[in-house]
Amino acid sequence: MATTGGIQELMAAETRASQIVAEARIGRSGRMKQANADAGDLVDTYKSEKQQEFNNKVLAAGGSGGSQSAKLQAKTNRETTAMKAMFDKNQQKAIDVLLSKCCEVNLSVPTARVRATQKIYAE
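Conventions we followed
Residues numbered from 1 in each chain as written. Predicted model: local features only at pLDDT ≥ 70, side-chain atom pairs only at ≥ 80, totals over all residues. Heavy atoms only, no water. Helix = DSSP H or I, 4+ residues; strand = E, 2+ residues; numbered from the N terminus. Rg over C-alpha atoms; globule rule 2.2 N^0.38 Å. Buried < 20%, exposed > 50% of the residue type's maximum accessible area, 1.4 Å probe, protein only. Lys, Arg positive; Asp, Glu negative; His and termini not counted. Charge placed at Lys NZ, Arg CZ, Asp CG, Glu CD. Disulfide = S-S within 2.5 Å. Expected span 1.5 Å × (residues − 1).

A. Quick look at the overall build of the protein. For the protein, the helix and strand inventory stands at 3 helices and 0 strands. The order of helices and strands in the protein, counted from the N terminus, is α-α-α. Against the 2.2 N^0.38 benchmark of 14 Å for 123 residues, the protein shows a C-alpha radius of gyration of 41 Å, more extended than a compact globule. Counting only C-alpha atoms, the protein reaches 110 × 80 × 15 Å along its principal axes. Each of the 123 residues in the protein was classed as buried or not, and the buried ones make up 0%. Each charge class in the protein was averaged separately, 18 positive and 13 negative side chains, and the resulting centres sit 11 Å apart.

Next comes the structure, spelled out in structure tokens:
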């Protein structure tokens, strides 16, 4: 009968241990979710601070950027016009170079190739 009581105690202890482990898992899961939420809040706060700093620097550097944007657009237009002029100026030269290289055919056979062929057919 003592063995039956010992077995029952052992089973009860095992049940309690499994309950403790289950509670620990649930608690750990809850702590992980809470930590994840806290980290998300910290990241959002940091992002908003950095965004605000950036916005302040943009405003301090020239306002909304309207005049800077216009200057940049004008510079881009000037550079595009200059590139188009260079293209028009050099277009025919480029075509002539390409055609001369494409139509140039060298019909001479290198001497090394001739010797190699002679060796192959001499055997």
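Once the structure has been displayed, the description carries forward.
B. Up close: the state of the cysteines. Counting across every chain of the model gives 0 disulfides. C102 takes part in no disulfide bond, and the closest cysteine sulfur, belonging to C103, lies 6.3 Å away. On the basis of relative accessibility, which here comes to 62%, the residue C102 falls in the exposed class.

C. Fine view of helix 3 (residues 111-122). The terminal C-alpha atoms of helix 3 lie 16 Å apart, and with 12 residues this matches the ideal 16 Å at 1.5 Å per residue to within 8%. With 0 of 12 residues buried, helix 3 is to be regarded as a mostly surface element.

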